[in-house]
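Analysis of the macromolecular model
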Amino acid sequence: MKAKNIFLSIMLLTFISCEKVIYIDLNTSNPKIIVEANLTNQQGPYKVKISHSVNYYDANNFPAETGAHVTLNDNAGTTETLAEVTPGNYETSTLQGVEGRTYSLKIVTADGSEYNAASTMPYHVLIDSINFEPGREGNSFRVICKFKDPEGVLNYYKLHLTSNDSTKIDSTDIRIVADGFADGQELTLTYRTELVPGDSVFVMLECIDKTTYDFYRTLPDVEGGIRSFTSAPPANPVTNLSNGALGYFSARSVSVGAAVVH
């Protein structure tokens, strides 16, 4: 059993050795808990989604994990118990993400099983510019995001785009990069779209920690996107969750920018 079809197109600019890759039999077995949890330096609420994986050949119907006790705390002594707002979806009400702090997630399910994860929120990096260049077909544009990598710190980045016309951006197409040998230099991430002149694009440059980078780096490069990772491929990506859980917990800082295609 495995979380079935984690589908995502990833451009890998730097390679880092694999660790903790989970392999699960495709045959029938006990469901695995799947966690999708994000916390940022932006205003909350922050969300934790908990569900169960299904057998590889079953329909993509992933049961929600209801009645769990979910808490978030940081190394400054802040703690909050999340409320279940809809089945399997838990949210904060007062917690505010702060750069540089380490956050811990604790989940105790209704049957008493416990899952833990930790993530340190990096400091944000500002976007220097957002530009466009014609695509190969000449009737669409590639988004070019440039930013200056801080010197002396190993950084990991993820680029996420949205638009006034959601049909012109593939939300499952994610760009990640580690600064590696480009420490302290200007870095560029590009993103292919179907945008045309007059369209608006909203860019989020996310600074992520190494465990989050490794999660995205080890996602199978197949059709379907990050939203489909609750169904399973032959090997699941690296996770920072304990006790055999699938998914990720990520504390990330975000810089935002916007531009109009011209």
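Quantities reported herein were computed from a predicted structural model and do not represent experimental measurements. (Residues numbered from 1 in each chain as written. Predicted model: local features only at pLDDT ≥ 70, side-chain atom pairs only at ≥ 80, totals over all residues. Heavy atoms only, no water.)

Right, let's get into the pattern of salt bridges. Scanning the model with the defined rule gives nine salt bridges in all. Of the charged contacts in the structure, one is a salt bridge between Lys-47 and Glu-91, with a shortest N-O distance of 3.9 Å. With a gap of 44 residues between them, Lys-47 in strand S3 (residues 47-52) and Glu-91 in strand S7 (residues 89-91) connect regions that are remote in the sequence. Relative accessible area serves as the criterion here: at 52%, Lys-47 is assigned to the exposed category. The partner of Glu-133 in a salt bridge is Arg-142, and the shortest N-O contact between them spans 3.9 Å. (Salt bridge = Lys/Arg side-chain N within 4 Å of Asp/Glu carboxyl O. Helix = DSSP H or I, 4+ residues; strand = E, 2+ residues; numbered from the N terminus. Buried < 20%, exposed > 50% of the residue type's maximum accessible area, 1.4 Å probe, protein only.)

To continue, consider helix H1 (residues 210-217). Counting buried positions along H1 yields six of eight residues, so the element is predominantly enclosed. The complete set of buried residues in H1 reads Thr-212, Tyr-213, Asp-214, Phe-215, Tyr-216 and Arg-217.

Quick look at the pairing of strand S2 (residues 33-40) now. Burial analysis of S2 places seven of its eight residues in the buried class, the great majority of the element. Across five bridges, the pairing between S2 and S3 is antiparallel. Bridge pairing in S3 places Ala-37 opposite Val-48. The loop that links S2 with its antiparallel partner S3 comprises six residues. Inspection of the sheet shows S2 paired to strand S16 (residues 246-260) by seven bridges, in the parallel sense. Across the sheet, the residue bridging to Val-35 is Gly-247, located in S16. (Pairing = 2+ DSSP bridges.)

Membership of the largest hydrophobic core comes to 24 residues, with the highest contact counts inside it found for Val-143, Val-201 and Val-203. Those elements that place two or more of their residues in this core are strand S10 (127-134), strand S11 (141-148), strand S12 (156-163), strand S14 (186-192) and strand S15 (200-208). Residues contacting Val-143, with those up to four places away along its chain left out, are Ile-130, Asn-131, Phe-132, Leu-161, Leu-189, Thr-190, Tyr-191, Thr-193, Leu-195, Val-201 and Val-203. By size, the runner-up hydrophobic cluster in this structure holds 23 residues, among which are Val-35, Leu-72, Ile-107 and Met-121. (Core = buried A, V, L, I, M, F, W, Y, C linked by side-chain atoms within 4.5 Å. Contact = heavy atoms within 4.5 Å.)

All chains considered together, the criterion is met by five aromatic pairs. The interplanar angle of 55° and the centroid separation of 4.6 Å between the aromatic rings of Phe-147 and Tyr-157 together place this pair among those described as tilted. One end of the pair, Phe-147, is in strand S11; the other, Tyr-157, is in strand S12, and ten residues separate them in sequence. A residue is classified by how much of its surface remains accessible, and Tyr-157, at 0% relative accessible area, is buried. (Phe/Tyr/Trp six-rings, centres within 6.5 Å; stacked < 30°, edge-to-face > 60°.)

Another point: the sheet that holds strand S5 (residues 79-81). Judged by pairing direction, the sheet is antiparallel, and its four strands sit side by side in the order S5-S4-S8-S9 without closing on themselves. Edge positions in the sheet fall to S5 and strand S9 (114-120), since each has one partner strand and no second. Between one strand axis and the next, the sheet turns through 15° on average, direction left out of account. Across three bridges, strand S4 (residues 69-74) lies against S5 in antiparallel orientation. (Axes fitted to C-alpha atoms, helices over the stretch in contact; angles between N-to-C directions.)

Treat this as a map of the structure, not an account of what it does.
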